[in-house]
Amino acid sequence: MTIDGVAASGKSSVSSGVARALGIPYLSSGLLYRAATLFALEDHADLSDQGAVLAALGTHPVRLEPLAEGNRVWQNGRDLTPELHSTRVDHGVSAIAVLPGVRAWVNEQLRQVPPPFVAEGRDMGTNVFPHAGAKFYLTASPRVRARRRAQERPEDVDAIEAALIRRDDLDRVQSAPAADAVVIDTGPLDLDGVIGKVLAGVQRHRAGQ
Ligand SMILES: Nc1ncnc2c1ncn2[C@@H]1O[C@H](COP(=O)(O)OP(=O)(O)OP(=O)(O)O)[C@@H](O)[C@H]1O
Ligand SMILES: Nc1ccn([C@@H]2O[C@H](COP(=O)(O)O)[C@@H](O)[C@H]2O)c(=O)n1
């Protein structure tokens with residue numbers, strides 16, 4: 001199954017809850033784009049230069065650890081995960097994500113994972129796993145998402161909201177919902193409410209309704 005959606009709409013929190021309920025892993029595609037961005041920044045690569053970015057990726061083998069309680073990304077013995085949600089990675093990641101070679105690098109790693117799993121990101125239901133059984137797409141207004149994120153980071157809500165709107169805009173091409181996705185506005189729902197809706201959708205899908 002796939003869970004796509006806009007930035008900070010709850011994809012990883014919801015995927016983790018759903019994965020735990022179903023006893024399967026989830027895959028965070030966004031973490032791999034973030035790892036690619038971190039490597040490019042550390043190598044001082046021009047983020048719009050695909051050759052330079054792919055050269056940086058070639059020297060940094062990574063492994064996505066798809067734990068249901070939260071994915072981690074490893075570079076040999078180094079756990080990159082705590083560095084992947086920094087403001088500098090947030091700021092650069094959309095530039096990296098438009099590069100076709102980087103998208104192929106991410107997708108190849110995702111497609112090596114044996115199913116079943118919950119795959120979350122932007123284009124899981126459209127491009128990467130178009131034949132997935134059940135598909136969901138999470139939305140919420142930029143203000144709601146910024147307020148939620150402000151509880152995780154010592155930043156001003158207005159600044160977070162502006163950055164989310166910018167990232168949504170830069171990610172627009174790969175972020176269209178699949179035609180067969182169930183769209184969920186998470187604004188009026190708490191986390192358990194969204195997880196419950198997704199699990200109910202999975203049940204309906206399994207029952208063929
Ligand atoms: N329905 C909800 N109600 C309240 N808080 C929520 C809800 N969904 C998610 N959150 C909170 O919003 C924040 C963002 O959620 P999360 O990190 O899962 O989003 P994301 O879509 O994976 O983000 P990103 O696109 O930046 O990787 C987290 O603090 C999470 O706990
Ligand atoms: N399927 C995807 C997933 C992510 N991206 C890009 O990565 C950025 C970070 O993703 P989060 O899920 O952690 O927000 C996102 O802003 C996109 O630029 C993508 O292109 N496709």
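Residues numbered from 1 in each chain as written. Chains lettered and ligands numbered in written order. Predicted model: local features only at pLDDT ≥ 70, side-chain atom pairs only at ≥ 80, totals over all residues.

> Outline the environment of Val194, listing residues and values.
With respect to the helices and strands, Val194 occurs in helix α9 (residues 191–206). Taking the number of C-beta atoms within 10 Å as the measure of exposure, Val194 has 24 and is therefore buried. Measuring from C-alpha to C-alpha, the distance between Val194 and Ala181 comes to 15 Å, with 13 residues separating the pair along the chain. The contacts of Val194, once residues within four sequence positions are left out, are Gly10, Val14, Ile184, Thr186 and Leu189. (Helix = DSSP H or I, 4+ residues; strand = E, 2+ residues; numbered from the N terminus. Buried ≥ 20, exposed ≤ 12 C-beta atoms within 10 Å, placed from the backbone. Contact = placed C-beta atoms within 7 Å.)

> Break down the site of ligand 2 for me, with residues and values.
Within the structure, ligand 2 sits among 16 residues, and Gly30, Tyr33, Ala97, Gly121 and Arg122 are positioned closest to it. For the shell around ligand 2, the secondary-structure elements that each account for two or more residues are α2 (29–42) and α4 (87–97). Among the elements that take part in the shell around ligand 2, α2 stands out by supplying 4 residues, more than any other. Tallied by class, the residues present in the shell around ligand 2 amount to 5 nonpolar, 5 polar and 6 charged. (Near = placed C-beta within 6 Å. Nonpolar A, V, L, I, M, F, W, Y, C, P; charged D, E, K, R; others polar.)

> Please give an account of the sheet that holds strand β5 (residues 78–79) that cites residues and values.
If you walk across this open sheet you meet the 3 strands as β3-β4-β5, and the pairing is antiparallel. Only two strands of the sheet have a single neighbouring strand rather than two, namely β3 (63–65) and β5. Pairing geometry for β3 and strand β4 (residues 72–75), over 3 bridges, is antiparallel. Bridge pairing in β4 links Glu65 to Arg72. (Pairing = 2+ DSSP bridges.)

> Can you tell me about the UniProt feature "domain: Cytidylate kinase" (unreviewed entry) in the chain, naming the residues and giving the values?
As annotated by UniProt and renumbered to match this structure, "domain: Cytidylate kinase" (unreviewed entry) occupies residues 2–203. From the first C-alpha to the last, residues 2–203 spans 14 Å; its make-up is 49% helix and 14% strand. (UniProt positions renumbered as here; feature names shortened; annotations may be inferred.)

> How would you sum up the sheet that holds strand β6 (residues 118–121)? Please name residues and give values.
Taken together, the 5 strands give an open sheet; going across it, the order is β2-β6-β1-β7-β8, and neighbouring strands pair in parallel fashion. Strands at the two margins of the open sheet, each flanked by one partner only, are β2 (26–28) and β8 (182–185). Neighbour-to-neighbour, the strand axes of the sheet open up by a mean angle of 20°, direction not taken into account. In this structure, strand β7 (residues 135–139) lies alongside β8, joined through 4 bridges in parallel fashion. Directly across from Leu138, in β8, lies its bridge partner Ile184. In the packing of helix α1 (residues 11–22) onto the sheet, the strands contacted are β1 (2–5), β2, β6 and β7, and the crossing angle to β6 comes to about 175°. Sitting on the sheet, α9 touches β1, β7 and β8, and the angle it makes with β8 is about 165°. (Axes fitted to C-alpha atoms, helices over the stretch in contact; angles between N-to-C directions.)

> Please provide a residue-by-residue account of unusual backbone geometry, values included.
Across the junction of Pro115 and Pro116, the peptide omega takes the value 5°, indicating a cis bond. The phi dihedral of Ala8 is positive, around 60°, even though this residue is not glycine. Among the secondary structure elements, Ala8 is positioned in the loop between β1 and α1. Despite not being glycine, His44 shows a phi value in the positive range, around 55°. Following the sequence through the fold, His44 ends up in the loop between α2 and α3 (50–58). For His44, a count of 8 C-beta atoms within 10 Å corresponds to the exposed category.

> Explain α9 to me, using residue names and the numbers behind them.
An ideal rise of 1.5 Å per residue puts 22 Å on 16 residues; α9 measures up with 23 Å between its terminal C-alpha atoms. Those residues of α9 that sit buried are Val194, Ile195 and Val198. In an axial view of α9, the angular spread of the buried residues amounts to 100°, which keeps them on one side of the axis. Of the exposed residues in α9, the ones pointing more than 90 degrees away from its buried face are Asp192, Gly193, Ala200, Gln203 and Arg204. Along its buried surface, α9 packs onto β1, α1, β7 and β8. (Expected span 1.5 Å × (residues − 1). Arc of directions from axis to C-beta.)

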